[in-house]
Amino acid sequence: MAERIINKAEESVSTLSNLPDNREMRYDIAEYFSARGTSMPLQIKDIIDLQTLVESEQVEFKLAGGKDGKGELPKDFWPTYSAMANGRGGWVVLGVKEQAGKFTPVGISDPEKIKTDLFNQLNDRDRVSANVLRSENDVQQISLQGTDVLAIHIPQAMRKQKPVHLKKSPFGNTYQRLHEGDRVCDDMTVKRMLAEQIHDSRDNEVLSEHYTFQDDIDLDSLKVYRNLLSANNPQHPYLACEPFELFKMVGGWRKDRETGKEGITAAGILMFGKWDAIIAAAPNYMVDYQERPEAKTELRWVDRVCPDGTWSGNLFDFYRKVYQKLVADLKVPFTLEEGQRRTDTPVHIALREALVNTLVHADFTDRVSILIVKRPDMFGFRNPGLMRLPLEDVIAGGVSDCRNRLLHQMFLLIGLGEKAGSGMPKIFSGWKSANWRTPKLWEKTFPAQTLLELSTASLIPQHVLDDLHQRFGETFDLLDDFEQVIVATAAIEGWVNHERACQLTTRHSREVTLTLPRLESKGFLVAGGEQKNKYYTLPGVSVMTPDEVFSLGAVVSSTHNEGDTTYNDKRSTHNEESSTYNEQRSTHNELNSTYNELRSTHNEESSTYNAEDDQSTSRDEYGRLLNRFIDRPYIDDVDNLTEAFRNSLFTLAAVPRERLRLGDKALMKSVILNVCQGQYISVAALGQILSRNPNALRQQYLKPLVEQGELKLAFPQYKNDPKQGYSAV
């Protein structure tokens with residue numbers, strides 16, 4: 001199925017590239033944004049607005065002096081335009097020099113000339129495939145310190161516009177943002193974008209005649225589906241159909257009116273198929289449920305559902321098995337309606353919707369598996385593929401663009417799932433009804449996946465409220481609900497940043513951008529870090545530096561094995577390591593938790609630290625540092641390791657150690673991940689192990705692997721600290 005869809009997309013490239021104009025597409029765009037009621041872009045008035053913008057959104061600063069000094073649109077604007085349009089949008093500011101977080105307006109001598117040139121090229125299909133700017137309001141001419149600059153807001157492109165590429169062909173001319181740079185997309189990524197563009201529904205493809213109802217459909221699954229259809233609607237006309245007719249009516253079989261081809265659909269195989277047929281149609285298909293006994297990301301589980309030969313492996317049976325496990329032992333009070341006990345609470349509805357959402361929005365051509373995790377502190381949901389709509393639209397609801405519409409309809413017929421555009425609001429409202437923390441919804445670009453985390457921690461625990469009232473008095477009660485949640489999050493998790501604050505609300509990110517500095521000006525928060533690394537803590541609370549961690553956090557132990565939980569016992573619910581999928585994006589590490597009993601907040605007690613008590617050199621039997629604030633052993637220098645363990649690492653890195661010009665990036669990445677398994681390693685030590693320059697390693701391999709979620713950081717707030725440690729996820 002994946003190959004057929006991608007090939008069909010590829011075949012359509014020439015047709016799409018040679019369209020004489022885009023009138024129909026422009027109409028769709030206008031209609032779309034009109035329906036969304038999309039707000040105007042942020043108005044930039046001064047340097048402070050620029051600093052705020054850098055903290056919250058993708059921003060690029062470019063000079064635009066031109067060869068003659070009169071100003072021109074820089075050539076490297078267009079790769080940035082393509083990358084931002086294919087991502088979540090962003091800003092390009094022309095005429096401002098940015099260095100080390102400082103902004104110096106250089107100015108543009110003729111901004112009108114550049115604006116005219118910009119719109120001329122935006123509408124030139126030989127230059128770029130689509131104009132995503134909604135109006136001239138997306139280009140702001142601003143006077144900063146007496147000089148004129150241009151701020152260009154680049155909105156996220158619609159699915160039908162992607163890939164936004166330069167020149168005629170998307171291959172080799174499509175860009176994405178990666179590590180704050182513009183990178184050319186590989187051909188497979190471009191093909192996926194094209195497939196998304198062409199197919200409104202990815203599951204209605206008619207498969208070949210080699211797939212048959214008799215051989216490839218699990219009749220037991222279809223029988224149970226009929227029973228649920230009857231329970232949901234006893235008078236439904238489909239109930240009178242024979243099995244094949246029922247299968248056909250619900251979308252499992254269809255005829256393509258244009259080609260005359262008829263047969264089983266991709267949705268029919270995915271929903272009701274047998275395992276052999278499923279993996280033949282979707283080779284990357286994988287569904288997985290894990291129940292983990294503790295609030296940790298370790299892979300140990302006490303219950304698991306995955307295709308193992310004992311059941312069909314199809315989506316319908318996976319849903320039935322997993323939903324019952326999700327709601328088992330759910331600690332939610334029942335409600336009474338007309339004197340009758342109601343077992344289907346808003347939390348049950350939220351979990352049901354989250355599970356169905358995960359299944360019907362999955363991109364089954366991608367290699368990432370569907371993963372559902374249940375833990376004592378949270379529920380996690382992951383599906384392959386990015387969201388088709390902007391994040392704020394998904395959370396607000398009212399707009400829908402389901403990837404697998406036949407699957408969605410199949411679930412709707414039996415009373416599962418919500419009508420178009422209302423699913424995510426149901427999840428958020430269900431969680432709010434239990435006074436649990438706001439759901440966290442986000443994406444990971446490489447590899448493409450969408451993640452939803454539903455924490456069962458109280459929104460603001462009583463002891464935290466008591467502490468905040470003691471600290472701030474009655475002024476805390478004068479804050480609105482969102483402001484209180486932000487301050488409480490900083491108290492619970494040690495610090496909060498723009499990204500985390502956005503996860504706590506359904507408000508637009510620009511409101512969050514304004515709220516954080518407002519809380520700082522009122523004395524509730526103190527800012528630290530710069531630009532995208534900016535974070536906020538409560539007054540008097542510091543984020544521990546690596547130097548402080550190593551000086552204050554030693555543990556006395558001579559043994560350690562990778563299965564030991566010594567380093568995990570004090571985990572915070574929103575710890576970076578507790579994120580279901582080991583996401584590097586999560587910024588709430590236990591060593592920063594204000595209420596973590598192991599954490600020092602630089603009070604009088606910590607300031608009287610006695611060097612004679614320094615046990616920071618405490619090591620395990622292999623010579624690795626052990627530290628109470630770090631969840632894994634840490635290798636600072638290979639000379640401190642035992643000879644046997646050091647040689648084992650050298651063996652893992654034998655190929656790059658022997659070949660200074662390896663010429664195989666994939667192999668080097670594999671070696672790095674193997675060496676970093678189960679431990680943090682400093683960049684200096686990695687350089688020793690791999691016989692490579694540490695700075696080159698950091699730039700060429702470590703940063704990309706962190707961005708892709710394959711490596712995690714020991715100190716996420718101090719990304720470039722010399723003591724930074726890297727560990728395989």
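Everything below is about the structure shown above.
Small disclaimer: the values here were computed from a predicted structure and weren't measured.

How each quantity is defined
Residues numbered from 1 in each chain as written. Predicted model: local features only at pLDDT ≥ 70, side-chain atom pairs only at ≥ 80, totals over all residues. Heavy atoms only, no water. Pairing = 2+ DSSP bridges. Helix = DSSP H or I, 4+ residues; strand = E, 2+ residues; numbered from the N terminus. Axes fitted to C-alpha atoms, helices over the stretch in contact; angles between N-to-C directions. Contact = heavy atoms within 4.5 Å. Phe/Tyr/Trp six-rings, centres within 6.5 Å; stacked < 30°, edge-to-face > 60°. Buried < 20%, exposed > 50% of the residue type's maximum accessible area, 1.4 Å probe, protein only.

S.K.: Please set out the sheet that holds strand E11 (residues 287-291) residue by residue, giving values where relevant.
M.R.: Pairing is mixed across the open sheet formed by six strands, whose spatial order is E12-E11-E15-E16-E18-E17. Strand pairing shows two members of the sheet lacking a second neighbour, strand E12 (303-305) and strand E17 (440-444), which therefore form its edges. Ignoring strand direction, the axes of neighbouring strands in this sheet form an average angle of 10°. The sheet strands contacting helix H17 (residues 423-433) are strand E16 (378-384), E17 and strand E18 (449-455), and the helix crosses E18 at an angle near 20°.

S.K.: Could you give an account of the packing of aromatic side chains, naming the residues involved and the relevant values?
M.R.: One pass over the structure, following the stated rule, counts 20 aromatic pairs. A centroid spacing of 5.1 Å and a plane angle of 80° characterise the contact between tyrosine 225 and phenylalanine 272, whose relative ring orientation is edge-to-face. Here phenylalanine 272 lies in helix H11 (residues 266-272) and tyrosine 225 lies in helix H9 (residues 219-232), a separation of 47 residues in the sequence. Relative accessible area serves as the criterion here: at 0%, tyrosine 225 is assigned to the buried category. For phenylalanine 272, a relative accessible area of 0% translates into the label buried. A centroid spacing of 5.8 Å and a plane angle of 5° characterise the contact between tyrosine 319 and tyrosine 323, whose relative ring orientation is stacked. With tyrosine 319 and tyrosine 323 both in helix H13 (residues 315-327) and four residues apart, the pair spans about one turn of that helix.

S.K.: Please give an account of the sheet that holds strand E5 (residues 139-144) that cites residues and values.
M.R.: Read from one edge of the open sheet, four strands run E1-E2-E6-E5, paired in mixed fashion. At either margin of the open sheet sits one strand with a lone partner, and together these are strand E1 (59-62) and E5. Adjacent strand axes in the sheet meet at a mean angle of 20°, parallel and antiparallel pairs treated alike. Of the strand pairs in this sheet, E5 and strand E6 (residues 147-154) are connected by six bridges, and their pairing is antiparallel. For valine 139, the partnering residue across the bridge sits in E6 and is isoleucine 152. Contacts from helix H6 (residues 111-122) reach strand E2 (90-94), E5 and E6, with the element oriented near 160° to E5.

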